[in-house]
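Chain residues, written in single-letter form:
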Amino acid sequence: SALKMLAFIAPSILIPDMAIEWKDFETERNYRQAAWFILMRACAGVIGFDAFVVKFTVAAAGAMGDSQASGGPFVVMLTNLVFLNQMLGVVQVSREMQRRLLRFIFGGEDGIMEDREEAKQDVWQAMLMQKVWRYAVDKTKCPLLWFCCIAITFGDLDFQRLILNEGAAGDGTDGKRDSQVCTPWSKPSPRCPPVAAPT
């Protein structure tokens, strides 16, 4: 849907992207890249706003007009629910949460992904998919189907389970469970295998 173009100008997405572009502009002085960023976000805003106006007009006309002329109350209600669903799906929450989790892990203190940090993230994701594929080949009967299902549905909750490895407490006296945070800069251990950093 063209309404999803509005996600590129949503403040929660636009402001962090502008900060990244501004830092790149300060270091590289790439006027072409800055102009392209502004042009693309402006086009996304125009297209998304136009789609919003059209869909809102159709939904409002059905709700404010004669329900019988619009196809009956069921059709009017269905049209409004479709419009509401499209508005709620403008910003993909799960994708944005995963993006922020990756930025928290790999982005460092400033939260801005540089080239080396993006390369480290790509290496980590490639190693993750490699391990998923090896598990699918060794443990499942239909490895390709199982791998595709895991890769498509991988989300922020799965990412959190990978980062926070919970285990039984060492002393066993209080019954609590300890947790260890595995990050790319964690000390290698049985819970946190080393991640090869790109050279």
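First things first, this report covers the structure right here in the doc.

Cut-offs and rules
Residues numbered from 1 in each chain as written. Predicted model: local features only at pLDDT ≥ 70, side-chain atom pairs only at ≥ 80, totals over all residues. Heavy atoms only, no water. Patch = residues over 30% accessible without salt bridge, like charges linked within 9 Å, V, L, I, M, F, W, Y side chains within 5 Å. Areas by Shrake-Rupley, 256 points an atom, 1.4 Å probe, with all protein chains shown as cover. Salt bridge = Lys/Arg side-chain N within 4 Å of Asp/Glu carboxyl O. Helix = DSSP H or I, 4+ residues; strand = E, 2+ residues; numbered from the N terminus. Buried < 20%, exposed > 50% of the residue type's maximum accessible area, 1.4 Å probe, protein only. Lys, Arg positive; Asp, Glu negative; His and termini not counted. Charge placed at Lys NZ, Arg CZ, Asp CG, Glu CD. Core = buried A, V, L, I, M, F, W, Y, C linked by side-chain atoms within 4.5 Å. Axes fitted to C-alpha atoms, helices over the stretch in contact; angles between N-to-C directions. Left-handed = near helix turned anticlockwise from the far one by under 90°. Contact = heavy atoms within 4.5 Å. Nonpolar A, V, L, I, M, F, W, Y, C, P; charged D, E, K, R; others polar. Phe/Tyr/Trp six-rings, centres within 6.5 Å; stacked < 30°, edge-to-face > 60°.

Residues Phe74, Val75, Leu78 and Val82 make up a contiguous nonpolar surface patch of roughly 380 Å² in combined accessible area. Along the chain, Leu78 falls in helix α3 (residues 73–88). Residue Leu78 is classed as partly exposed on the basis of its relative accessible area, which comes to 45%.

Together, Glu28, Asp115, Glu118 and Asp122 line one region of the surface with negative charge. The residue Asp115 is located in helix α5 (residues 115–139) in this model. You can call Asp115 exposed: its relative accessible area is 62%.

Core analysis: the largest hydrophobic core is formed by 12 residues, namely Leu102, Ile105, Phe106, Met113, Trp124, Leu128, Val132, Ala136, Phe147, Phe154, Phe159 and Ile163. If you list the elements that add at least two residues to this core, you get α4 (93–106), α5 and α7 (156–163). By size, the runner-up hydrophobic cluster in this structure holds 6 residues, among which are Leu6, Ala7, Ile13 and Val90.

Following both chains from N to C, one finds helix α1 (residues 11–28) and α4 inclined at 30°, their axes separated by 12 Å at the closest point. Of the two elements, α1 crosses α4, and the hand of that crossing is left-handed. Side by side, α1 and α4 meet where Ser12, Ile13, Pro16, Asp17 and Ile20 of the first sit next to Glu96, Arg99, Arg100 and Arg103 of the second. Residue composition of the contact of α1 with α4, by class: 3 nonpolar, 1 polar and 5 charged.

Let's shift gears to the packing of aromatic side chains. Going through the model one piece at a time under the given rule, you end up with 6 aromatic pairs. A centroid spacing of 5.7 Å and a plane angle of 20° characterise the contact between Phe52 and Phe56, whose relative ring orientation is stacked. Placement of the pair is Phe52 and Phe56 together in helix α2 (residues 31–64), with a separation of 4 residues, close to one helical turn. Under the relative-accessibility criterion, Phe52 is labelled partly exposed at 25%. For Phe56, a relative accessible area of 44% gives the class partly exposed. Aromatic side chains Phe56 and Phe83 sit 6.1 Å apart centroid to centroid with 55° between the ring planes, which places their arrangement in the tilted category. On the criterion of sequence distance, the pair formed by Phe56 in helix α2 and Phe83 in helix α3 is long-range, its members being 27 residues apart. On the accessibility criterion, Phe83 (14% relative accessible area) is buried. A connected cluster of aromatic rings, assembled from ring pairs, spans Phe52, Phe56 and Phe83.

The analysis is restricted to geometry; functional conclusions fall outside its scope.
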